[in-house]
Amino acid sequence: LEFRRALFRSVSSFNDGINEEEIRNKNLLRNNIVEEFVEKIISTGNIGREYNILDLIKIYQEGEIRYKYLIPPGYMDAREKDDLTKFGDLIVWKQILEYAKFNNKEILFVTRDTKEDWWETSQENGQKVIVGPRNELIEEFDIFVQFNKHFNMITLNELIPNLSKMRSDERRVGKECSQGVDL
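Not measured: the values here are computed from a predicted model.

A. A look at the overall build of the protein chain. Regarding its fold elements, the protein chain presents seven helices and four strands. Each helix and strand of the protein chain, placed in order from N terminus to C terminus, yields the pattern α-α-α-α-α-β-β-β-α-β-α.

Dropping the structure here:
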């Protein structure tokens, strides 16, 4: 009986710690940490080049063809928008491709967009579930970048719990290593 109580207290304490970590991470987002992060990226010049009018015209022309044949990303925006803002996702995608190629980098794209023109989805229990980035995007990334680099995506909603889990795992591994436990 005493063992059960001790185990229950340990599990409760562990769960409380995780919940507190998630609350801290959510508070970081609420306190404009994302905006501050973006401003820092811009101020340090860690962004892609600004497209000139000729670059944009090429992207718009390509976008019209891609959207006609439902080639991701962005074709779902074409259904919702009539102006050039419908090409926003495609412009972001082109920036990602260029950045990865010219900086020889792996990419983890964090987005709030959950539409099917970015994501492979499946149905589980009557609900749409995100499986991963569209295969067409991965293929295009591999062809364009040509450096055996990887592209992956995660939603902002997935990022917070994963960061909490990674921090928790880092602490656990660090504690186990300091106690001489073999992993």
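Structure's up, so let's keep going.
B. Structural context of the nonpolar core. Ranked by size, the top nonpolar core spans 21 residues in total, and within it Trp93, Ile107, Phe109, Trp118, Phe141, Phe151 and Met153 carry the most contacts. For this core, the elements supplying multiple residues, two or more each, are α3 (53-68), α5 (88-103), β1 (107-111), α6 (135-145) and β4 (151-155). In terms of residues, this core owes the most to one element, α5, which gives five residues. Excluding anything up to four places from it in sequence, Phe141 contacts Trp93, Leu97, Ala100, Lys105, Ile107, Gln146, Lys149, His150 and Phe151.

C. Structural view of α5. If you check α5, its first and last C-alpha atoms are 22 Å apart, about what 16 residues at 1.5 Å a residue would give, namely 22 Å. For α5, the complete set of buried residues consists of Asp89, Leu90, Trp93, Lys94, Ile96, Leu97, Glu98 and Ala100. In this structure, the buried residues of α5 make contact with α3, α4 (75-80), β1, α6 and β4. Asn104 lies just past α5 and shows a positive phi near 50°.

D. Structural detail: the environment of Asp117. Tracing the sequence through the fold places Asp117 in the loop between β1 and β2 (119-124). Each C-alpha atom, one on Asp117 and one on Leu70, is 7.9 Å from the other, the two residues being 47 residues apart in sequence. Sequence-distant contacts of Asp117, that is, excluding residues within four places in its chain, are made with Pro72, Pro73, Gly74, Tyr75, Met76, Asp77, Asp89, Arg134 and Leu137. A distance of 2.9 Å separates a polar atom in the side chain of Asp117 from the backbone nitrogen of Gly74. Within the structure, the side chain of Asp117 is placed 3.2 Å from the backbone nitrogen of Tyr75, a separation counted as a polar contact.

E. Broad picture of the environment of His150. Inspection of the secondary structure assignment puts His150 in the loop between α6 and β4. The exposure class of His150 is partly exposed, given its relative accessible area of 49%. As a C-alpha pair, His150 and Ile138 span twelve residues in sequence and 8.1 Å in three-dimensional space. Dropping the residues within four chain positions of it, His150 is found in contact with Glu106, Ile107 and Phe141.

F. Structural context of the confidence of the model for the protein chain. In the predicted model, the protein chain carries a mean pLDDT of 82, and the fraction of residues at 70 or more is 82%. Mean pLDDT across the elements of the protein chain ranges from a minimum in helix α7 (residues 156-178), with 62, to a maximum in α3, with 96. Below pLDDT 50 for its whole length, residues 173-183 participates in four contacts with residues either more than four positions away or in separate chains.

Thresholds applied
- Residues numbered from 1 in each chain as written.
- Predicted model: local features only at pLDDT ≥ 70, side-chain atom pairs only at ≥ 80, totals over all residues.
- Heavy atoms only, no water.
- Helix = DSSP H or I, 4+ residues; strand = E, 2+ residues; numbered from the N terminus.
- Core = buried A, V, L, I, M, F, W, Y, C linked by side-chain atoms within 4.5 Å.
- Buried < 20%, exposed > 50% of the residue type's maximum accessible area, 1.4 Å probe, protein only.
- Contact = heavy atoms within 4.5 Å.
- Expected span 1.5 Å × (residues − 1).
- Polar contact = N/O pair within 3.5 Å; in protein donor to acceptor, adjacent residues only side chain to side chain.
- pLDDT = per-residue confidence, 0-100.

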